[in-house]
Every structure is written in C-alpha cells, then in structure tokens.
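# Observations on chain architecture
Listed here are the chains, written in short residue letters.
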Amino acid sequence: MKKRNISLLFLAVSVLSLCFSAETATAQRVKKAEYSGQELNNQVIKKMTWTTVTIDKRFEASDSDNLKTTAVIAKYKPEVDKYMEPIGYCPNGLLRGYPVAPLSNWASDAYLEYAQNYIDTTSRTDIDKNIKIDFSLMNFGGIRTEMPKGNVSKYDILSIFPFDNFLVIEELDGDKVQMLMEFFAKTRGQVMSNVKLRTEGGEVKECLIGGQPLDPNRKYVVATIDFLYNGGDNVYPLKYSNWVIETDKKLMNVFIEYIQSLTRQGKNIEAAIDDRLITDGRK
C-alpha cells in the first residue's frame, strides 16, 4: 500500500473509531456560519452562531443518509474493520515513559528479536546469514500512545507507531558506538535493547552491550530505523556505518507481525521496567 493510501486509511480509521466505538463523549462546540451568495464568493461571514452537539450514541448509517461522509465511510469501512480485529492480548497494558517504561522496553526487545529473525530467515541473497545483531535503537518520539489492556488490534499498533519508519540494520565501529552513547549522555537517551547505559552530568558512567563493557576496538551491529539512520533527532553517529541493510519492513508492520507470532505461540504481550537506562539517577 502506498504511503498516501496509508495516510488516508489512518484518517478513516480515526474517524470510524469515533463513529462506531463512542458510547459517550464530551460535548463539542460546532461552528455554524450563514452566508449570502456574494459574501460567500468573497469569503465574508454574514452571521456566526454556535451550538453544542453531544455525542451520546453509536453511529448508525440511517442517521446520516443525507451526509456526504456516509459515502466516504462506506468506502473505507471494510478495510478499517480489518484493523479493528484483535491480533493479540495484553493482560496489563503497557505504559510509556522516560527513561524506561514497559512499552519502550517491550518495543525495543521485540524489535531486536524481529530484526535477528529477519537476518536469519530472509530470502535476500545479499545478506550474510551469520550476522549477529548486538542491540536495537529506536526513538522515544516515535512511540505516540500506550498499549491498551486487553485485546490489541492492528489499529492500536497503528496508533502507537504511526510513522512511515523502516527497519534498518547497520554495522558501526566501536568508537562510533561510544560516540553514540556519549551523544545520548549529553542530550537524551533513546529506546534501546541489550544495552545498559548509565549517564550522569552529561557523561557516560557505564555502558554494557550484551552484558559486556563497550569495546571501542570491536564492531557492533545495530537494528534501528531509517529516521534515525538518516539523521533524525540529530543522532549523527549512525551515519558512520561500515555497511547498511535498508529493508522494506515498516515499523508498524514489524510489531503487527511480531504480535501475531506471539499469539500463534499462545503468548501475551508483556514487559517490565528494568535499569537499562539510568540518567542522572533516574531509571
């Protein structure tokens, strides 16, 4: 599906989630304007009045036979319904937050596992199947809401990860990884898996990757997103890669596929807080 279609679909999903799911909602103020023919052409308002409409029932097609939006909703509803179907179960819900939270921990761990499986099983002939991914890296800003408690749908994942970011795998020299961690110490740490980073006063006090101290003389493979790889959030050290694999795996689809895999294994979506990122005493 093209990016434009994804954006339209996301808009339709958002509209329909309100229309079909809302039992009650806060009253909304709706602007009404009256125009004369000539004033309409000149975009001059003749009279402005306000009224309050309370959204207090489910949307029914019979209520809007005369609305142009009915045709738009009808066009997208079959596709939107697919996004509303449960794909997994989260018994406790996952909160987001900084510097660590269940959702960011789960996302980075799932991302690392998915990326390693992609390397191990892809049919691409240009990828060395012996690559071992050392850590994953995403941005906190790309996580837009929280994982709901109970059934989780594709729409929920689309809401959490709405951006068109793609899986990227690259190799960095150890000194560049050190530069990356020092950058996080001076700015803001990001979402990482298989890393323990402790910073204080803008300096790195401890950095473990895979349980071992960061070695500036070895090479590391990181699973990240194209947004960061291309300099997003000013994460410039990623540009010093020795090699890079740019995939067609969109972030939200990564997590949809990962959750579907969990469900097939009879597993739920679960995570906990740990001490992978400690900054100025906060963890």
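This text follows the structure it describes.
Since the structure is predicted, the reported quantities are computational estimates derived from the model, not experimental observations. (Residues numbered from 1 in each chain as written. Predicted model: local features only at pLDDT ≥ 70, side-chain atom pairs only at ≥ 80, totals over all residues. Heavy atoms only, no water.)

### Some points on the environment of phenylalanine 255
Along the chain, phenylalanine 255 turns up in helix 8 (residues 251–264). As a C-alpha pair, phenylalanine 255 and alanine 110 span 145 residues in sequence and 7.5 Å in three-dimensional space. In this structure phenylalanine 255 touches Trp106, Ala107, Ala110, Tyr111, Met138, Ile157 and Phe161, once residues within four positions along its chain are discounted. (Helix = DSSP H or I, 4+ residues; strand = E, 2+ residues; numbered from the N terminus. Contact = heavy atoms within 4.5 Å.)

### Quick word on the nonpolar core
Formed by 64 residues in total, the largest nonpolar core has its most connected members in Trp106, Ile157 and Met181. It is helix 4 (residues 102–121) that contributes the most residues to this core, ten residues altogether. Aside from chain neighbours lying at most four places away, what touches isoleucine 157 is Ile87, Met147, Val152, Met252, Phe255, Ile256 and Ile259. (Core = buried A, V, L, I, M, F, W, Y, C linked by side-chain atoms within 4.5 Å. Buried < 20%, exposed > 50% of the residue type's maximum accessible area, 1.4 Å probe, protein only.)

### Description of the sheet that holds strand 9 (residues 203–209)
Ordered in space as 10-9-8-13, the four strands form an open sheet in which the pairing is mixed. Each edge of the open sheet is held by one strand with a lone partner, namely strand 10 (212–213) and strand 13 (277–279). Sheet analysis places strand 8 (residues 195–200) next to strand 9, joined by six bridges and oriented antiparallel. Looking at the pairing, threonine 199 lines up with valine 204 of strand 9. The sheet contacts of helix 6 (residues 174–186) involve strand 8 and strand 9, and relative to strand 9 the element is tilted by about 130°. (Pairing = 2+ DSSP bridges. Axes fitted to C-alpha atoms, helices over the stretch in contact; angles between N-to-C directions.)

### What about the packing of aromatic side chains?
In total, this model carries seven aromatic pairs according to the counting rule given. Ring plane angle 35° and centroid distance 5.5 Å describe the contact between tryptophan 106 and phenylalanine 255, whose orientation is recorded as tilted. Placement of tryptophan 106 in helix 4 and of phenylalanine 255 in helix 8 is noted, with a sequence separation of 149 residues between them. Judged by its relative accessible area of 5%, tryptophan 106 falls in the buried class. Where phenylalanine 161 meets phenylalanine 255, the ring centres are 4.3 Å apart and the plane angle is 20°; that geometry is what we call stacked. (Phe/Tyr/Trp six-rings, centres within 6.5 Å; stacked < 30°, edge-to-face > 60°.)

### Concerning unusual backbone geometry
Following tyrosine 98, the chain continues to proline 99 via a peptide bond in cis, the omega torsion being 5°. Within the secondary structure layout, proline 99 lies in the loop between strand 3 (86–90) and helix 4. The phi torsion at asparagine 194 lies on the positive side, around 65°, for a residue other than glycine. Examined against the element boundaries, asparagine 194 turns out to sit in the loop between strand 7 (191–193) and strand 8. The residue asparagine 234 is not glycine, and still its phi comes out positive at about 60°.

### Structural notes on the pattern of salt bridges
Throughout the structure, instances matching the rule amount to 13 salt bridges. Ionic pairing is found between lysine 250 and aspartate 164, a salt bridge with its closest N-O pair at 3.2 Å. Taken together, the residues lysine 250 in strand 12 (residues 243–250) and aspartate 164 in the loop between helix 5 (154–160) and strand 6 (166–173) connect sequence positions 86 residues apart. You can call lysine 250 buried: its relative accessible area is 7%. By sharing partners, the salt bridges in this structure join Asp109, Asp274 and Arg276 into a single network. (Salt bridge = Lys/Arg side-chain N within 4 Å of Asp/Glu carboxyl O.)

### Quick notes on the pairing of strand 6
The buried fraction of strand 6 amounts to seven of the eight residues, a majority that puts the element mostly inside the structure. In terms of strand pairing, strand 6 meets strand 12 through five bridges, oriented antiparallel. Its bridge partner being in strand 12, valine 168 is matched across the sheet by glutamate 246. Across seven bridges, the pairing between strand 6 and strand 11 (residues 219–225) is antiparallel. Note on strand 11: the bridge partner recorded for valine 168 is threonine 224.

### Quick look at the sheet that holds strand 12
Across the sheet, five strands lie side by side as 7-4-11-6-12; this open sheet has mixed pairing. With partners counted over all chains shown, the strands left at the sheet margins are strand 7 and strand 12, one partner each. Going across the sheet, the axis of each strand differs from the next one's by a mean of 20°, ignoring polarity. Set on the sheet, helix 6 makes contact with strand 4 (135–138), strand 6, strand 7 and strand 11; between it and strand 6 the angle comes to about 115°.

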